[in-house]
Amino acid sequence: MTMPDTTPPFLPFARPDIGDAEIAAVTDALRSGWVTTGPKARAFEEAFTAYLGGGLQSIAVNSATAGLHLALEALGIGPGDEVIAPTLTFTATVEVVRYLGADPVLVDVDPVTLNIDPEVIRAAITPRTKAIMPVHYGGLACRMDAILAIAHEHGLKVVEDAAHALPTTWQGALVGQLASDATVFSFYANKTITTGEGGMAVTRDPRLAERMRVMRLHGMSRDAFDRFTSKTPAWYYEVVAPGFKYNLTDIAAALGLVQLQRLPRFLERRQHLARRYHAALAGLPLVLPADAPAGDVHAWHLYVVRLAAGARLSRDELIQALSERGIGTSVHYVPLHRHPYWRDRYRLTPEQFPHADAAYQAMLSLPLFTAMHDAEQDRVIAALRELLG
């Protein structure tokens, strides 16, 4: 007689929270006959602007990478320029700098928050520096008052990589509403809301917004949606720049519209799970992630722990042991200075980034997603207590 398999199902590091409302919205878009950039994409842009608050323009794109590229291009970043960014980020943050022929200048992070260190930014500024790209790591806001002050002092542009930061706040204001030149959000599958693939670039500057819209779709002078829905012949357009193919489809935007409506509940769930981790893991040899300052919001896109000195297992051993117990984890991130392209091109060494490098060698990201049940989280907590307690 075959015994039933009692092994619990594998718990992934992340899983999108997609319900019947999202499925219905996507089906509606498919049945509408308009599946590329159209009315849903425009409605998503308007809803996103309304969520963040007045005075902004939102430009829907097919990835946050595309949005960062568009923002830097619209700001005139080009060959010979330098853009300061943290080494502890995904390569997308700075690969867009190279798209434009400019050079990223990688800097270290704060050892507590793992966000870019404003004082290290100041030390990295040269006559070639044109912009700063802070990354709100894990959903915790950077010290934007200090960063914006440095930018103002030196006449630099600021483009926020807010891929993790919806709906993060800094000093009471939502990221996206701060005094940066542009802010770019991600809607990738594991983000706080998802369109599968997608992103949103946000700016207060109408000239930047117009340039990003033109460059988003082949450098054409008229949006495809406007041309193909006009009630009078509107076939004529002009290519005014060598643009890109960065537009968001209506299928993706339909998904995003529903996800945006659910964002308040998503945030509550992420905060609940983060609080449970905080309480349950406090006695283990782990450095727990920093919370937002009092009165501000941490989006909790990631829950990154670091093994403390003297822990029984190494980081890699802990990841393997958790995997053997059916629990997925990840590492955010292998710092850019350790990747061959960035390391070799800019002659980078770990000693230049002591805080980021030390964090990398000790860190792992635990499962945290809105569709995660408390019982699933309890499995992670029990496994960590067994392995580290």
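Residues numbered from 1 in each chain as written. Predicted model: local features only at pLDDT ≥ 70, side-chain atom pairs only at ≥ 80, totals over all residues. Heavy atoms only, no water.

1. Examining the UniProt feature "modified residue: N6-(pyridoxal phosphate)lysine" (unreviewed entry) in the chain
Now for step 1: The UniProt feature table records "modified residue: N6-(pyridoxal phosphate)lysine" (unreviewed entry) at Lys191.
Now for step 2: Counting through the fold element by element, Lys191 comes out in the loop between β8 (182-186) and β9 (199-203).
Now for step 3: When neighbours within four sequence positions are excluded, Lys191 is seen to be in contact with Ala163, His164, Ser186, Arg270 and His301. (UniProt positions renumbered as here; feature names shortened; annotations may be inferred. Helix = DSSP H or I, 4+ residues; strand = E, 2+ residues; numbered from the N terminus. Contact = heavy atoms within 4.5 Å.)

2. Examining the environment of Leu106
Now for step 1: Within the secondary structure, Leu106 is located in strand β3 (residues 103-107).
Now for step 2: Remark: the alpha-carbon pair of Leu106 and Glu82, spanning 24 residues in sequence, is separated by 10.0 Å.
Now for step 3: If we skip the residues at most four places from it in the chain, Leu106 touches Ala85, Pro86, Thr87, Val94, Leu336, His337, Leu348 and Phe353.

3. So, the sheet that holds strand β11 (residues 304-307)
Now for step 1: Strand order across the open sheet formed by three strands is β10-β11-β12, with antiparallel pairing between neighbours. Two strands close off the open sheet at either side, each with one partner strand: β10 (286-287) and β12 (363-365).
Now for step 2: In this sheet, β11 lies alongside β10 in antiparallel orientation, the contact comprising two bridges. Bridged to Val287 within β11 is Arg306.
Now for step 3: Contacting β11 and β12, helix α12 (residues 354-362) runs over the sheet at an angle of about 60 degrees to β12. (Pairing = 2+ DSSP bridges. Axes fitted to C-alpha atoms, helices over the stretch in contact; angles between N-to-C directions.)

4. Looking at the packing of helix α3 (residues 64-74) against helix α4 (residues 92-99)
Now for step 1: With their axes 9 Å apart at the nearest point, α3 and α4 run at an angle of 40 degrees to one another. Taken together, α3 and α4 sit at an angle that is classed as oblique. Considering the relative orientation of α3 and α4, their crossing is right-handed. The segment α3 lies against α4, with Thr65, Leu68, His69 and Leu72 engaging Ala92, Thr93, Glu95, Val96, Val97 and Tyr99.
Now for step 2: Class assignment for the residues of the contact of α3 with α4 results in six nonpolar, three polar and one charged. (Parallel < 35°, antiparallel > 145°, perpendicular 65-115°, else oblique. Left-handed = near helix turned anticlockwise from the far one by under 90°. Nonpolar A, V, L, I, M, F, W, Y, C, P; charged D, E, K, R; others polar.)

5. Quick notes on the nonpolar core
Now for step 1: Counting residues in each nonpolar core, the largest one holds 45 residues, and the members touching the most others are Leu72, Ile77 and Met133.
Now for step 2: Elements with a minimum of two residues in this core: β1 (57-61), α3, β2 (82-86), α4, β8, α7 (206-216) and α12.
Now for step 3: In terms of residue count, α3 provides more of this core than any other element does, six residues in total.
Now for step 4: For this core, the two domains that each supply at least three residues are domain 1 (20-258) and domain 2 (263-388).
Now for step 5: Look past the residues within four positions of Leu72 in its chain and what remains in contact with it is Ile77, Val96, Val97, Leu100, Met133 and Val159.
Now for step 6: Of all hydrophobic cores here, the second largest spans 41 residues; its members include Ala41, Ala141, Val158 and Leu178. (Core = buried A, V, L, I, M, F, W, Y, C linked by side-chain atoms within 4.5 Å. Buried < 20%, exposed > 50% of the residue type's maximum accessible area, 1.4 Å probe, protein only. Domains from an automatic or database assignment.)

6. Notes on the packing of aromatic side chains
Geometry of an aromatic ring pair is reported as the spacing of the ring centres plus the angle between the planes.
Now for step 1: Following the criterion strictly, the structure yields ten aromatic pairs and no others.
Now for step 2: Taking the centre distance of 5.1 Å and the plane angle of 20 degrees together, the rings of Phe244 and Tyr246 count as stacked.
Now for step 3: With a relative accessible area of 16%, Tyr246 lands in the buried category.
Now for step 4: A connected cluster of aromatic rings, assembled from ring pairs, spans Phe44, Phe48, Phe185 and Phe187.
Now for step 5: The lysine or arginine in question, Arg315, covers the ring of Tyr360, its NZ or CZ lying 5.0 Å from the ring centre. (Phe/Tyr/Trp six-rings, centres within 6.5 Å; stacked < 30°, edge-to-face > 60°. Lys NZ or Arg CZ within 6 Å of the ring centre and 35° of its normal.)

7. Here's the deal with unusual backbone geometry
Now for step 1: That bond from Leu166 to Pro167 is cis: its omega, 5 degrees, falls within 30 degrees of zero.
Now for step 2: Relative to the helices and strands, Pro167 resides in the loop between β5 (157-161) and β6 (169-170).
Now for step 3: Tyr333 follows His332 through a cis peptide bond whose omega is 5 degrees.
Now for step 4: Inspection of the secondary structure puts Tyr333 in the loop between α10 (315-324) and α11 (340-346).
Now for step 5: Non-glycine residue His218 carries a positive phi angle of around 65 degrees.
Now for step 6: Topologically, His218 is positioned in the loop between α7 and α8 (224-229).

8. A short note on the pairing of strand β4 (residues 129-132)
Now for step 1: Strand direction decides the pairing type here: β2 and β4, joined by three bridges, are parallel. Across the sheet, Glu82 pairs through a bridge with Thr129, a residue of β4.
Now for step 2: When β4 meets β5, the two strands line up parallel, connected through two bridges. Directly across from Ala131, in β5, lies its bridge partner Lys157.

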